[in-house]
Amino acid sequence: MAQKKLMERRAFHTRINSPDVKPAEKWLGYLLGPAGALLLNAVLATYLNVYYTDVLKLTSIWGGAFLVIFPIISKVIDAVTNVAMGYVIDRTHTKEGKARPWLLLSAPLMALTGILLFTVPNGSETVQAVWVMVSYNLFYSFAYTIFNMSHSLMVPLSTRDTGQRGGLSVFNQITTIMMSGILVALIFPMAIMPAIGVDKGRWITLMSILSVLALPLTLLEYYFTKERVTEEVENAGAESVAFARQLGAIFSDRYMILIYAYFLISAVGACIKNISLVYFCNYVLGSYNDGVTQTMISVIGGIPMGIGIFAVWPLAKRFGKRNVTIAGCILITIGSGICCMFPTDMTMMLVGQFVKNIGGLPGSYVFMALFADVLDHMEWKTGFRSDGLAMSVYNIIAVAMVGICTGIFNGMIAGAGYVAPEIVNGVTVAAEQTQAVKNAFIFGFVGLETITGLAMAALLLFLNVEKNIGNEQAEIRARREGNKE
């Protein structure tokens, strides 16, 4: 019996036992492991709204108000569950850590709810609206919240070594870029979307495959990650801290407020851009699902992201994570401005996209390492960690902006008179859109980020947490050693 219990415990034990980060942890835990869930999320971020508007044709429900109101209400629910999840994570105490165990639970939940998102029954508008609202919240407010909260904390909780932590942040972002910048941005518009068109059955088959794929890969992330910071804190006998005290610590720290403000502005620009991408390529720069336009835009976006794997972290170590991110924000504004001036010129669009995506490299690859520095700074300042709650606020911003921006975008195009495509004799036929609709797509895809880039650069000027982080981490270690004695 004792041997059976021991085997059961080992079955859920991390396969990473080294005090330092080793290649297996990087490649399996941070590169390959998150790939399934991030691929599923990237596809949903780009195409779920297209499924709602073009396949299910929900644009007209409630006089066009449904696709405006339901995403916003859903994200209010999502915000509440993020706070709850942050609270739970900070009070989870297991030998496997406080965040990792929730990765294990999220794996089957994402697979099931991802399928439910697309298996909307054929019925009345009311039936479809209810199914969409319930399935959307089961996925985003429940399953993906559990995954995203725990996954996002893996880098900050992996180690205090800033070099190793930065490396893990890069590996983590490589996966994100590979999923969104290569598979979703290149393969989907070129090969998959023209093949499935607005055929509901094909959409269900595709998304079921992607949902199921997330399960084994998320388990890989669980088994090949390790929470060294959590182990350090638990071994030092740290006590649970009251929720109100944690909340006060987060919102009284100027660095945390700055990083939240930066992320809020970044999320608004990125969300509107991502939602607008398919529509912009279909109706402004190219033709509907032509398999070329979106691929060309995405190839130019993918090249800088590939270069960034080798360039960004060395630059960040030399000039500072904040400084290279500021430079990147300025390039985002310049590149977006070029695109905004020439929205129908493929050559100029590609030039602008190239510049803009070079500017996006620092924010993509080193932001989570900068966030981890702020978490360490808060621990130095307060004497306790607030990882789960701090990450829940971070995720609330992310999810709230998806809902709000989706609602705003759908309101813009509905008000401008967007007309969804139809299937005629088995072929998808797109409608001709008015100039007002096209202008909405142009602003969403290339106009807004000319503004948000400058705003982010201005905020980062005040985020100088890196200046003293080495001394603060040394002080934290000294306190831990003192508590042990």
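For the structure itself, consult the block above.
Along each chain, the written sequence defines residue order, and numbers are assigned to residues from 1. In keeping with the predicted nature of the model, local features appear solely for residues at pLDDT of at least 70, side-chain atom pairs appear and are counted solely at 80 or more, and the whole-chain, interface and lining totals rest on all residues. The basis for the side-chain values is all heavy atoms of the structure; hydrogens and waters are excluded.

Let's talk about the overall build of the protein
Numbering of helices and strands runs from the N terminus; a helix is a DSSP stretch of H or I covering at least four residues, while a strand is a stretch of E covering at least two. Per the secondary structure count, the protein includes 20 helices and two strands. In this setup the radius of gyration rests on C-alpha atoms only. A globule is expected at 2.2 Å times the number of residues raised to 0.38. Against the compact-globule benchmark of 23 Å for 485 residues, the protein has a radius of gyration of 23 Å, which places it among compact chains. Taken along its principal axes, the extent of the C-alpha atoms in the protein is 75 × 55 × 40 Å. Partly exposed residues are those whose accessible area sits between 20% and 50% of the maximum for their type, while under 20% is buried and over 50% is exposed, using a 1.4 Å probe and protein chains only. Taking all 485 residues of the protein together, 57% fall into the buried category. Note on contacts: a residue pair qualifies if any of its non-hydrogen atoms lie within 4.5 Å across the two residues. In the protein, the proportion of contacts linking residues at least 24 apart, taken out of those at least 6 apart, comes to 85%. Surface accessibility in these figures is a Shrake-Rupley result with a 1.4 Å probe; residues are shielded only by whichever protein chains are displayed. With the model as given, the accessible surface of the protein reaches about 19300 Å², and the carbon-plus-sulfur share is 67%. The convention is simple: Lys and Arg are positive, Asp and Glu are negative, and His and the chain ends are not counted. In plain terms, the charge of a residue is placed at NZ if it is Lys, CZ if Arg, CG if Asp and CD if Glu. Separation between the mean location of the 35 positive side-chain charges and that of the 31 negative ones in the protein comes to 4 Å.

Remarks on a nonpolar patch on the surface
Think of a patch as exposed residues, more than 30% relative accessible area, with no salt bridge, where like charges cluster within 9 Å and nonpolar side chains (Val, Leu, Ile, Met, Phe, Trp, Tyr) cluster within 5 Å. Salt bridges are identified by distance alone: a Lys or Arg side-chain nitrogen within 4 Å of an Asp or Glu carboxyl oxygen. A contiguous nonpolar patch, built from W62, I69, I73 and I77 and spanning about 390 Å² of accessible area, is present on the exposed surface. Relative to the helices and strands, I73 resides in helix α4 (residues 66–90).

A word on the packing of aromatic side chains
Only the six-membered ring of Trp is used, alongside the rings of Phe and Tyr, when aromatic pairs are assigned; centres must lie within 6.5 Å, and planes under 30 degrees apart are stacked while those over 60 apart are edge-to-face, with the rest tilted. As enumerated under the stated definition, the model contains 33 aromatic pairs in all. With a centroid separation of 5.0 Å and an interplanar angle of 10°, the aromatic rings of F66 and F70 are classed as stacked. Taken together, the residues span about one helical turn, with F66 and F70 both in helix α4 at a distance of four residues. Accessibility classification places F66 together with F70 in one group, the buried group. In this structure, K75 packs its charged tip against the face of Y140, placed 4.0 Å from the ring centre. The cationic tip of R91 hangs over the ring face of Y87; the distance from NZ or CZ to the ring centre is 3.9 Å. The criterion is that NZ of a Lys, or CZ of an Arg, lies within 6 Å of the ring centre and within 35 degrees of the ring normal, and then a charge sits over that ring.

What about the side chain of H151?
Relative to the helices and strands, H151 resides in helix α6 (residues 125–152). For H151, a relative accessible area of 7% translates into the label buried. Once you skip the residues sitting within four places of it in the chain, H151 turns out to touch P34, L38, L103, N172 and E221.

Regarding the nonpolar core
The biggest cluster of nonpolar side chains holds 143 residues, and the ones touching the most others in it are Y52, M256, Y260, F371 and F441. In terms of residue count, helix α12 (residues 254–285) provides more of this core than any other element does, 19 residues in total. In this structure, F441 is in contact with S276, Y279, F280, Y283, V284, F409, I413 and Y418, ignoring residues within four places of it in sequence. We call a set of buried residues a nonpolar core when its members are Ala, Val, Leu, Ile, Met, Phe, Trp, Tyr or Cys and they connect through side-chain atoms within 4.5 Å of each other.

A closer look at unusual backbone geometry
A positive phi angle is found at K57, which is not glycine, with a value near 55°. The residue K57 is located in the loop between α3 (35–55) and α4 in this model.

With respect to the layout of surface pockets
Once rolled over the atoms, a probe with the size of a water molecule shows which space is left empty. Each cavity reported here is a set of points on a 1 Å grid over the protein atoms alone in which a 1.4 Å probe fits but cannot get out, each pocket an open set with protein on both sides within 12 Å along at least five of seven lines, and each lining residue one with an atom within 4 Å of a point. Grid points are joined across faces, edges and corners, and a volume is the space filled by probe spheres set on the points. What the second largest pocket holds in volume is close to 210 Å³. Lining of the second largest pocket is provided by P19, D20, T159, R160, D161, Q164, R228, V229, E232 and R477. For the lining of the second largest pocket, the element with the most residues is helix α10 (residues 228–235), which contributes three residues. We call Asp, Glu, Lys and Arg charged. Ala, Val, Leu, Ile, Met, Phe, Trp, Tyr, Cys and Pro are nonpolar, and the rest, Gly among them, are polar. Classifying every residue of the lining of the second largest pocket gives two nonpolar, two polar and six charged.

Thoughts on helix α15 (residues 346–359)
One less than the number of residues in a helix, times 1.5 Å, gives the span that helix is expected to have. Under the 1.5 Å per step criterion, the end-to-end length of α15 is 20 Å for 14 residues, consistent within 8% with the ideal 20 Å. Inspection of α15 places M349, L350, G352, Q353, K356, N357 and G359 among the buried residues, and these make up the whole buried set. We call two N or O atoms a polar contact when they sit within 3.5 Å, provided that within protein one can donate a hydrogen and the other can accept it, with sequence-adjacent residues counted only if both atoms are side-chain atoms. Between the side-chain oxygen of the N-cap and the backbone nitrogen of T347 there are 3.0 Å, and the N-cap of α15 in question is D345.

A word on the pattern of salt bridges
Taken as a whole and judged by the stated rule, the model has 20 salt bridges. For the salt bridge of E96 with R100, the shortest nitrogen-to-oxygen distance reads 2.9 Å. Accessibility assignment for this pair places E96 and R100 in one class, buried. The partner of R479 in a salt bridge is E475, with the nearest N and O atoms 3.7 Å apart. Of the two residues, R479 and E475 are both situated in helix α20 (residues 469–484); the distance of four residues between them amounts to about one turn of the helix. A relative accessible area of 32% places R479 in the partly exposed class. In this structure, a network of salt bridges that share partners links the residues D90, K98, R160, R165, E232, K321, D373, D376, E379, R385, D387 and E466.

Remarks on the packing of α15 against helix α19 (residues 435–460)
Angles here are taken between N-to-C directions and fall from 0 to 180 degrees, while the axes themselves are lines fitted to C-alpha atoms, restricted in helices to the stretch in contact. Two numbers describe how α15 lies on α19: the axes approach to 13 Å, and their chain directions differ by 45°. Relative to α19, α15 is oriented oblique. The crossing of α15 and α19 is left-handed. Residues M349, Q353 and K356 of α15 touch α19, and the partners they reach there are F445, V446 and E449. Tallied by class, residues from the contact of α15 with α19 come to three nonpolar, one polar and two charged. In these notes the angle categories are as follows: under 35 degrees is roughly parallel, over 145 is roughly antiparallel, 65 to 115 is roughly perpendicular, and the rest is oblique. Take the far helix as the reference: if the near one is turned anticlockwise from it by less than a right angle, the crossing is left-handed, and if turned clockwise, right-handed.

Observations regarding the packing of α3 against α12
For the pair α3 and α12, the least separation of the axes is 8 Å and the interaxial angle reads 60°. With respect to α12, the element α3 is oriented oblique. The crossing of α3 and α12 is right-handed. The residues of α12 that touch α3, namely those facing T46, Y47, N49, V50 and T53, are N274, I275, V278 and Y279. Residue classes in the contact of α3 with α12 are distributed as five nonpolar, four polar and no charged.

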